[in-house]
Amino acid sequence: MVELVPGTSVFLYPAQLAILSESTKLGKASSMLMWTFFTREEAARSNLSGRNDKDQLNSAIVQAITAYLTGKYRACPKSLKKGIGQKCMDAARDLNMTKQAPRKEKTPKSRPVISDSDGPDSD
C-alpha cells in the first residue's frame, strides 16, 4: 500500500495511485478518490460536518484527498470540500430514488359512451 499524501496515514494500492496519477481532470480524480475511500451508501448518510442528523465523513481521509488534489491540480481546498459535500448530497438523492417504490402507470380515463338513443332527439 502507498500513502496518498506523506504523513496522512491514508493508503491506497499502487495500481490505484497509478491510475489516479494518469488522470488529467480534477473532477475525475476527485470522484475516483471519493469512491475509493467511501461507499455511495456511506456518502449518502454523511456530510463534512456531521450536522443535520448525518454522519461525518472521516476527516483524515477528506483532508488527504484535499491535500492530494490541491497539490496536483492547484485547486482551492474550499472548492474541493464543496465538491465532496455535493457528491454526498448526490449519493443521497440517488439512493433515495432507487429505494422509492415504482410508480404506477397511469391508465387512461375512459369516456362515457353515448349511444344514439341517449341523444337529445331521442323520443
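Refer to the preceding data block for the structure.
These numbers were taken from a predicted model, which means no experiment stands behind them.

Let us now look at the overall build of the chain. Helix and strand content of the chain: 5 helices and 4 strands. In the chain, the succession of helices and strands from N to C terminus is β-β-α-α-α-β-β-α-α. Across the 123 residues of the chain, 28% fall into the buried class. For the chain, contacts bridging at least 24 residues in sequence account for 53% of all contacts bridging at least 6.

Evaluated as defined, the whole model comprises 0 aromatic pairs. Directly above the ring of Trp35 sits Arg40, whose terminal nitrogen or CZ lies 4.1 Å from the centroid.

Assignment of secondary structure puts Val5 in the loop between strand S1 (2-3) and strand S2 (11-12). For Val5 and Leu69, which are 64 residues apart along the polypeptide, the C-alpha to C-alpha distance reads 9.9 Å. Setting aside chain neighbours within four positions, we find Val5 in contact with Ala64, Ala67 and Tyr68.

On to helix H5 (residues 77-99), then. With 23 residues, H5 should reach 33 Å at 1.5 Å per residue; the first-to-last C-alpha distance of 33 Å fits that figure. Residues of H5 that are buried include every one of Leu80, Ile84, Gly85, Lys87, Cys88, Ala91 and Ala92, and no others. Buried residues along H5 sit in contact with helix H2 (26-37), helix H3 (40-44), strand S3 (46-47) and helix H4 (59-73).

Here is a general trend for soluble globular proteins: nonpolar side chains tend to be buried in one another's company. Counting residues in each nonpolar core, the largest one holds 27 residues, and the members touching the most others are Leu4, Leu33, Phe37, Phe38, Ile65, Tyr68 and Leu69. The set of elements that each furnish at least two residues to this core consists of helix H1 (14-22), H2, H3, H4 and H5. The biggest single contributor to this core is H4, with 7 residues. Aside from chain neighbours lying at most four places away, what touches Ile65 is Leu4, Leu33, Met34, Phe37, Phe38 and Ile84.

Here we come to the side chain of Ser23. By the secondary structure assignment, Ser23 is in the loop between H1 and H2. Reaching out from Ser23, the side chain makes a polar contact with the backbone oxygen of Lys25 at a distance of 3.3 Å.

Our next topic: the side chain of Ser46. By the secondary structure assignment, Ser46 is in strand S3. Looking at Ser46, the relative accessible area reads 5%, which means it is buried. The contact partners of Ser46, leaving out residues within four places of it in the chain, are Lys54, Asp55, Leu57 and Cys88.

Cut-offs and rules
Residues numbered from 1 in each chain as written. Predicted model: local features only at pLDDT ≥ 70, side-chain atom pairs only at ≥ 80, totals over all residues. Heavy atoms only, no water. Helix = DSSP H or I, 4+ residues; strand = E, 2+ residues; numbered from the N terminus. Buried < 20%, exposed > 50% of the residue type's maximum accessible area, 1.4 Å probe, protein only. Contact = heavy atoms within 4.5 Å. Phe/Tyr/Trp six-rings, centres within 6.5 Å; stacked < 30°, edge-to-face > 60°. Lys NZ or Arg CZ within 6 Å of the ring centre and 35° of its normal. Expected span 1.5 Å × (residues − 1). Core = buried A, V, L, I, M, F, W, Y, C linked by side-chain atoms within 4.5 Å. Polar contact = N/O pair within 3.5 Å; in protein donor to acceptor, adjacent residues only side chain to side chain.

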